[in-house]
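Remarks on the overall topology
The lines below spell out each chain.
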Amino acid sequence: MNKTTRNVASGVRNGATRIAGEAGNAVAQAMDAAEETAVSSVRDGRKAASDYVVSLRDAADAAAGSLEADGCGRTASQARKASVVLDEVGNAIADYDVQDLVSETADALRRRPALAFSLAALAGYALVRLPASDGRSRSSREVRS
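Described in the following lines is the structure provided in the data block. (Residues numbered from 1 in each chain as written. Predicted model: local features only at pLDDT ≥ 70, side-chain atom pairs only at ≥ 80, totals over all residues. Heavy atoms only, no water.)

What follows covers the overall build of the protein chain. Scanning the protein chain for helices and strands turns up four helices and zero strands. In the protein chain, the order of α-helices and β-strands from amino to carboxyl end is α-α-α-α. Looking at the protein chain residue by residue over its 145 residues, the buried ones come to 8%. Sequence separation of 24 or more characterises 57% of the internal contacts of the protein chain that already satisfy a separation of 6 or more. Accessible surface for the protein chain amounts to roughly 10900 Å². Of this, 60% is attributable to carbon and sulfur atoms. (Helix = DSSP H or I, 4+ residues; strand = E, 2+ residues; numbered from the N terminus. Buried < 20%, exposed > 50% of the residue type's maximum accessible area, 1.4 Å probe, protein only. Contact = heavy atoms within 4.5 Å. Areas by Shrake-Rupley, 256 points an atom, 1.4 Å probe, with all protein chains shown as cover.)

Below you can see the structure in the form of structure tokens.
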């Protein structure tokens, strides 16, 4: 190999190494952003689920009070027990650490690759089909109007 060829090869190698490093950094940043978005979504969903369970607990409390007023002590007692359980579930949901959930989910998917593949396929199917079905329902509503 002559000197010019070596210089060109060295330049190509250095450029490829630099581009690969930049691509690796971009992928790492994208993965960090995706994880942050997922954690944020889980937190929001956890809060909504906890709020919903608390509203069920409040409804069970109200039902127990109404049942007691109507003289249905045994049923009121069952409603109070349900209220206590709902309160515990609501607290468990609210107190659950999102990072633990992410770690446990990742571990479960590593142990069961077929499950990971199935979930990915299901998510892909939902992403493709749901917008399409939403578009069809809109056009059918427009035709009926």
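And the narrative resumes.
Before going further, it helps to examine a nonpolar patch on the surface. Side chains of L115, L119, L122 and Y125 sit close together on the surface and give an oily, nonpolar patch of about 400 Å² of accessible area. Structurally, Y125 can be placed in helix α4 (residues 113-144). (Patch = residues over 30% accessible without salt bridge, like charges linked within 9 Å, V, L, I, M, F, W, Y side chains within 5 Å. Salt bridge = Lys/Arg side-chain N within 4 Å of Asp/Glu carboxyl O.)

Over its 67 residues, helix α1 (residues 3-69) runs 98 Å from end to end, which matches the ideal 99 Å to within 8%, given 1.5 Å per residue. Three or more residues of α1 are buried, namely V39, S50, V53, A60 and A64. One or two residues past the end of α1 sits G71, with phi positive at roughly 85 degrees. (Expected span 1.5 Å × (residues − 1).)

As a further point, take the side chain of S50. Structurally, the position occupied by S50 is in helix α1. A distance of 3.3 Å separates a polar side-chain atom of S50 from the backbone oxygen of G90. Every residue in contact with S50, bar those within four places of it in the chain, is listed here: G90, I93 and A94. (Polar contact = N/O pair within 3.5 Å; in protein donor to acceptor, adjacent residues only side chain to side chain.)

It is worth spelling out helix α2 (residues 73-95) at this point. An ideal rise of 1.5 Å per residue puts 33 Å on 23 residues; α2 measures up with 33 Å between its terminal C-alpha atoms. Of the residues making up α2, those classed as buried are A76, A79, S83 and G90. On its buried side, α2 packs onto α1.

Summed over the entire model, instances satisfying the criterion amount to six salt bridges. D51 serves as the salt-bridge partner of K47, at 2.9 Å between the closest nitrogen and oxygen. With K47 and D51 both in helix α1 and four residues apart, this pair spans about one turn of that helix. The class for D51 is partly exposed, based on a relative accessible area of 38%. Linking R80 and E68 is a salt bridge whose minimum nitrogen-to-oxygen distance equals 3.2 Å. Of the two residues, R80 is situated in helix α2 and E68 in helix α1; the sequence distance between them amounts to twelve residues.

Running from amino to carboxyl end, α1 crosses helix α3 (residues 98-111) at an angle of 115 degrees, the nearest separation of the two axes being 10 Å. Two packed elements cross with a definite hand, and for α1 against α3 that hand is right-handed. Contact with α1, carried on its side by E35, V39, V42, R43 and R46, involves V98, Q99, L101 and V102 of α3 and no other residues of that element. In the contact of α1 with α3, the residues fall into five nonpolar, one polar and three charged. (Axes fitted to C-alpha atoms, helices over the stretch in contact; angles between N-to-C directions. Left-handed = near helix turned anticlockwise from the far one by under 90°. Nonpolar A, V, L, I, M, F, W, Y, C, P; charged D, E, K, R; others polar.)

Secondary-structure assignment places L119 in helix α4. Taking the C-alpha atoms as reference points, L119 and L109, ten residues apart in sequence, are found 9.5 Å from one another.

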